Amino acid sequence: MHKVKLGVLVSGRGSNLQAIIDNIEKGLLPAEIVIVISDQPDAYSLERARKHNIPAIHISEKEYRGKRDDYDAVLVTEFQKKNVELVCLAGFMRIITPTLIKAYPNRILNIHPALLPAFPGLHVQKAALDHGVKFSGCTVHFVDEGMDTGPIIIQAVVPILDNDTVDSLSERILRQEHKIYSRAIKLYAEGRLKTDGRRVLVIGGKTIADEFLLNP
Ligand code: GAR
């Protein structure tokens with residue numbers, strides 16, 4: 001089967017990146033990471049990628065302050081050099097611009113640590129706790145021009161416990177993130193995601209709900 005070429009954007013520790021690498025190496029994901037790009041020089045993600053012989057570069061956000069389009073144009077150039085087919089944001093803490101989105105329409109995924117459309121933005125595990133919701137979770141969605149607003153591909157629900165702290169909740173959500181991001185990439189790689197307005201449908205087989213129940 002064709003391996004979809006991934007370009008992964010990161011800013012930090014890279015546990016989602018690691019989960020994708022591990023699933024590819026286990027043969028569970030028909031994908032290949034052809035480049036990892038960080039906007040932060042000391043992101044541990046870069047080290048993780050290099051340990052697996054994946055090209056990993058830092059493109060400094062400092063040089064592009066106030067010039068987000070120019071920054072994204074550099075990303076597009078780097079991705080095109082590597083024939084990237086799908087862009088994955090994995091803890092990338094920048095807002096991307098139409099320059100990148102237009103180059104990869106419906107071909108950019110993001111993982112977000114809340115059940116969108118609840119709690120978009122930053123520090124969302126704390127926001128969910130402070131609000132007192134009983135369930136939160138995580139979402140993989142296509143990226144559009146809004147902030148965490150694109151069509152939702154897959155979500156996982158995580159209960160909030162009375163004794164949860166931001167750390168304990170974040171950790172439980174993260175474990176689900178590691179599962180659903182690979183699952184979404186796999187469905188994309190298999191050509192099974194069909195977008196119908198805001199809805200993303202799974203074609204040719206089980207629904208997302210079935211897949212989730214079968215692979216908790
Ligand atoms: C993850 O929880 C991811 O969902 C979140 O940052 C963390 C990155 O962790 N992303 C966002 O909040 C995007 N707005 P990681 O570097 O260990 O994958």
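Residues numbered from 1 in each chain as written. Predicted model: local features only at pLDDT ≥ 70, side-chain atom pairs only at ≥ 80, totals over all residues. Heavy atoms only, no water.

1. Let's talk about the pairing of strand β1 (residues 4–10)
Okay, step 1: Taking burial as the measure, the 7 residues of β1 include 6 buried ones, the bulk of the element.
Okay, step 2: Inspection of the sheet shows β1 paired to strand β2 (residues 31–38) by 7 bridges, in the parallel sense. Counterpart to leucine 9 in the pairing with β2 is isoleucine 37.
Okay, step 3: At this point the chain moves from β1, through helix α1 (residues 15–25), to the parallel β2, and the crossover so formed is right-handed.
Okay, step 4: As defined by bridge partners, β1 adjoins strand β4 (residues 86–89) across 4 bridges and the pair is classed as parallel. Note that in β4 the partner of leucine 6 across the bridge is leucine 86. (Buried < 20%, exposed > 50% of the residue type's maximum accessible area, 1.4 Å probe, protein only. Helix = DSSP H or I, 4+ residues; strand = E, 2+ residues; numbered from the N terminus. Pairing = 2+ DSSP bridges. Right-handed = clockwise from strand over helix to strand, strands pointing away.)

2. Regarding the site of the ligand
Okay, step 1: Taken together, the residues surrounding the ligand are Arg13, Gly14, Ser15, Asn16, Gly91, Met93, Ile111, His112, Pro113, Leu174 and Glu177.
Okay, step 2: Within the side chain of serine 15, one N or O atom sits 2.6 Å away from an oxygen atom of the ligand.
Okay, step 3: A distance of 2.7 Å is found between an oxygen atom of the ligand and a side-chain nitrogen or oxygen belonging to glutamate 177.
Okay, step 4: Here the ligand loses 90% of its free accessible area of 440 Å² to cover by the protein chains.
Okay, step 5: Going through the elements one at a time, α1, β5 (108–112) and α6 (166–189) are the ones with two or more residues in the shell around the ligand.
Okay, step 6: Residues of the shell around the ligand, tallied by class, amount to 4 nonpolar, 5 polar and 2 charged. (Near = heavy atom within 4 Å. Polar contact = N/O pair within 3.5 Å; in protein donor to acceptor, adjacent residues only side chain to side chain. Areas by Shrake-Rupley, 256 points an atom, 1.4 Å probe, with all protein chains shown as cover. Nonpolar A, V, L, I, M, F, W, Y, C, P; charged D, E, K, R; others polar.)

3. Quick notes on the packing of aromatic side chains
Okay, step 1: The full count for this structure, using the stated rule, is 2 aromatic pairs.
Okay, step 2: For the ring pair tyrosine 64 and tyrosine 71, a centre distance of 5.4 Å and an interplane angle of 80° mean the geometry is edge-to-face.
Okay, step 3: According to the relative accessible area criterion, tyrosine 64 is buried, its value standing at 18%.
Okay, step 4: Residue tyrosine 71 is classed as buried on the basis of its relative accessible area, which comes to 0%. (Phe/Tyr/Trp six-rings, centres within 6.5 Å; stacked < 30°, edge-to-face > 60°.)

4. A word on the pattern of salt bridges
Okay, step 1: In this structure the tally under the stated criterion is 7 salt bridges.
Okay, step 2: Salt-bridge contacts for arginine 65 lead to glutamate 61; the nearest nitrogen and oxygen are separated by 3.3 Å.
Okay, step 3: Judged by its relative accessible area of 56%, arginine 65 is exposed.
Okay, step 4: Relative accessible area serves as the criterion here: at 15%, glutamate 61 is assigned to the buried category.
Okay, step 5: For arginine 172, the salt bridge goes to aspartate 164, with nearest N and O atoms at 2.9 Å.
Okay, step 6: Overall, the relative accessible area of 19% leaves arginine 172 in the buried class.
Okay, step 7: Look at aspartate 164 and you get buried, because its relative accessible area is 11%.
Okay, step 8: Residues joined in a network through salt bridges with shared partners are Lys186, Glu190 and Arg192. (Salt bridge = Lys/Arg side-chain N within 4 Å of Asp/Glu carboxyl O.)

5. Quick notes on helix α3 (residues 68–81)
Residues three or four positions apart in an α-helix share a direction because the helix packs 3.6 residues into each turn.
Okay, step 1: For α3, spanning 14 residues, the distance from its first C-alpha to its last is 20 Å, which sits close to the expected 20 Å at 1.5 Å a residue.
Okay, step 2: Among the residues of α3, Tyr71, Asp72, Leu75, Val76, Glu78 and Phe79 are the ones counted as buried. Take α3 and look down its axis: the buried residues cluster within an arc of 165°, on one side only.
Okay, step 3: In the core, the buried residues of α3 are packed alongside β1, β2, β3 (56–58), β4 and α4 (98–103).
Okay, step 4: One or two steps after α3, the chain reaches asparagine 83, where phi turns positive at roughly 55°. (Expected span 1.5 Å × (residues − 1). Arc of directions from axis to C-beta. Contact = heavy atoms within 4.5 Å.)

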